[in-house]
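Listed here are the chains, written in short residue letters.
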Amino acid sequence: MAQLFFRYGAMASGKSIEILKVAHNYEVQNRHVLLLTSALDNRTEIGEIASRIGMQRPAIAIHDQDDLFVLVKDTHPDISAVLIDEAQFMTKVQVLQLTQVVDELQIPVMAFGLKNDAFNHLFPGSEALLLFADKIEEMKTLCSFCTRKALMNLRVSDGQPVYDGEQVQIGGDEAYMPVCRQHYNHPDLVALAKRMQTYK
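Residues numbered from 1 in each chain as written. Predicted model: local features only at pLDDT ≥ 70, side-chain atom pairs only at ≥ 80, totals over all residues. Heavy atoms only, no water.

K.L.:
Give a description of the environment of Tyr26 that names residues and reports values.
P.N.:
By the element assignment, Tyr26 lies in helix H1 (residues 15–27). You can call Tyr26 buried: its relative accessible area is 16%. Taking the C-alpha atoms as reference, Tyr26 lies 8.2 Å from Ala81; in sequence the two are 55 residues apart. Setting aside chain neighbours within four positions, we find Tyr26 in contact with Arg31, Val33, Ser80, Ala81, Pro108 and Met110. (Helix = DSSP H or I, 4+ residues; strand = E, 2+ residues; numbered from the N terminus. Buried < 20%, exposed > 50% of the residue type's maximum accessible area, 1.4 Å probe, protein only. Contact = heavy atoms within 4.5 Å.)

And the structure:
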């Protein structure tokens, strides 16, 4: 039976490499997958899923107005799975369209993304996925300052933590760090400054 999966984690928890691994596992069995990613993510190329370890592959870039049910239905007659990177940027309507893909087309959907933003609010897509996904799994990574589990994403600029601003600001290791709750509230500013020097 097809299901809607949501796998979330802090920055640098391996979400993109996992989605590429899942795609590979399907394809070595001669099964077709549909790869989607947010058109907002321009860290490499728009319409590309790229991991920090250098692996990447093209995907369909989706926008807020796209109907994902229609997209999946019209793309390929024998899709075995839909895999979505940067799922936090979807709208609630799009998440509901994915439930239609699962329930009406009987195609499993696996969505990968962040749960909360840099100010610890849920992204719209993540909130909807937490409500409507059949299965939810956390992908874990360590805090950038200690050995605790990273729960949050610390936005940084010029070696300083940033605690307000726009919800969406696209960036990678130069702009965000996975951190535990303690180091979100009290980051090691000396270690932070040293780390940020590598991105200048």
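K.L.:
Just give me the short version of the packing of aromatic side chains, but keep the residues and values in it.
P.N.:
Under the defined criterion, the tally for this structure stands at three aromatic pairs. On the numbers, 5.8 Å between centres and 35° between planes, the contact of Phe6 with Tyr8 is tilted. Each of the two residues, Phe6 as well as Tyr8, counts as buried. Between Phe89 and Phe123, the ring centres sit 5.6 Å apart and the planes meet at 85°, which makes this aromatic pair edge-to-face. Residue Phe89 is located in the loop between strand E6 (79–85) and helix H3 (92–105), and its partner Phe123 is located in the loop between strand E7 (109–113) and helix H4 (124–132); the two are separated by 34 residues in the primary sequence. Neither residue differs from the other here; Phe89 and Phe123 are each classed as buried. (Phe/Tyr/Trp six-rings, centres within 6.5 Å; stacked < 30°, edge-to-face > 60°.)

K.L.:
So what's going on with the sheet that holds E6? Residues and values would help.
P.N.:
Taking strand neighbours across the sheet as the criterion, the six strands line up as E5-E2-E6-E7-E1-E8 in an open arrangement whose pairing is parallel. Of all the strands in the sheet, the pair left with one neighbour each is strand E5 (60–62) and strand E8 (135–139). On average, each strand axis in the sheet is inclined to that of its neighbour by 20°, with strand direction left out of account. One ladder, built from six bridges, connects strand E2 (residues 32–38) with E6; its direction is parallel. When the bridges of E6 are listed, Leu35 appears paired with Leu83. (Pairing = 2+ DSSP bridges. Axes fitted to C-alpha atoms, helices over the stretch in contact; angles between N-to-C directions.)

K.L.:
Describe the pairing of strand E11 (residues 176–179), naming the residues involved and giving the relevant values.
P.N.:
On E11, burial covers both faces: Tyr176 and Pro178 on one face and Met177 and Val179 on the other are all buried. As defined by bridge partners, strand E9 (residues 152–157) adjoins E11 across four bridges and the pair is classed as antiparallel. For Asn153, the partnering residue across the bridge sits in E11 and is Pro178.

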